[in-house]
Amino acid sequence: MKKNLLVQLVIVFCFTLAACGGGKKSASSVAKQWCELNGKYSKATEGAEKDAAKAALDKWENEMEAKYKGDEAFMKEVEKEAEKCEGASEGK
């Protein structure tokens, strides 16, 4: 009985850790996500595909701006990191 309770507690603990994993990311990981979405937008053909890629990029940018709006230093670091991969994401 105690072993079963222990297993249940471990499972609950694991789910709790996974749920709390949405903390602050590194500037380079945020920039990498932006470059991936920007690349999809840049490479998309005209029409619905381009519109969907633009909507996904805009939605993601709005989420990141809302999440990190009070941390100007972090946002500047993200911008600096994004500049490093922007050209490559656009096929330049």
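> Quick question: what am I supposed to make of the layout of surface pockets here?
Summary: where empty space remains is shown by rolling a probe the size of a single water molecule over the atoms. Here the largest pocket is characterised by a volume of approximately 230 Å³. Looking at the largest pocket, the residues that line it are Val30, Trp34, Trp60, Glu61, Met64, Glu65, Met75, Val78, Glu79, Ala82, Glu83 and Glu86. In terms of residue count, the dominant contributor to the lining of the largest pocket is helix α4 (residues 72-89) (six residues). Each residue belonging to the lining of the largest pocket can be placed in one class, and the counts come to seven nonpolar, no polar and five charged.

> I keep staring at the side chain of Lys50 and nothing clicks. Help me out?
Along the chain, Lys50 falls in helix α3 (residues 48-67). Despite its burial, Lys50 pairs with no opposite charge; the closest candidate is Glu46, at 4.5 Å N-O. If we ignore the near neighbours within four places in the chain, the residues touching Lys50 are Tyr41, Ser42, Ala44 and Thr45.

> Whenever I open this one, the state of the cysteines confuses me. Can you help?
Disulfides are covalent bonds that connect the sulfur atoms of two cysteines. Summed over the entire model, instances satisfying the criterion amount to one disulfide. Two residues, Cys35 and Cys85, share a disulfide whose sulfurs are 1.7 Å apart. Across the S-S bond linking Cys35 and Cys85, the dihedral sits near 70 degrees, which makes this disulfide right-handed. Placement of the pair is Cys35 in helix α2 (residues 27-43) and Cys85 in helix α4, with a sequence separation of 50 residues. Overall, the relative accessible area of 8% leaves Cys35 in the buried class.

What counts as what
- Residues numbered from 1 in each chain as written.
- Predicted model: local features only at pLDDT ≥ 70, side-chain atom pairs only at ≥ 80, totals over all residues.
- Heavy atoms only, no water.
- 1 Å grid on protein atoms, 1.4 Å probe; cavity = no way out; pocket = protein on both sides within 12 Å on 5 of 7 lines; lining within 4 Å.
- Points joined across faces, edges and corners; volume = space filled by probe spheres on them.
- Helix = DSSP H or I, 4+ residues; strand = E, 2+ residues; numbered from the N terminus.
- Nonpolar A, V, L, I, M, F, W, Y, C, P; charged D, E, K, R; others polar.
- Buried < 20%, exposed > 50% of the residue type's maximum accessible area, 1.4 Å probe, protein only.
- Lys, Arg positive; Asp, Glu negative; His and termini not counted.
- Salt bridge = Lys/Arg side-chain N within 4 Å of Asp/Glu carboxyl O.
- Contact = heavy atoms within 4.5 Å.
- Disulfide = S-S within 2.5 Å.

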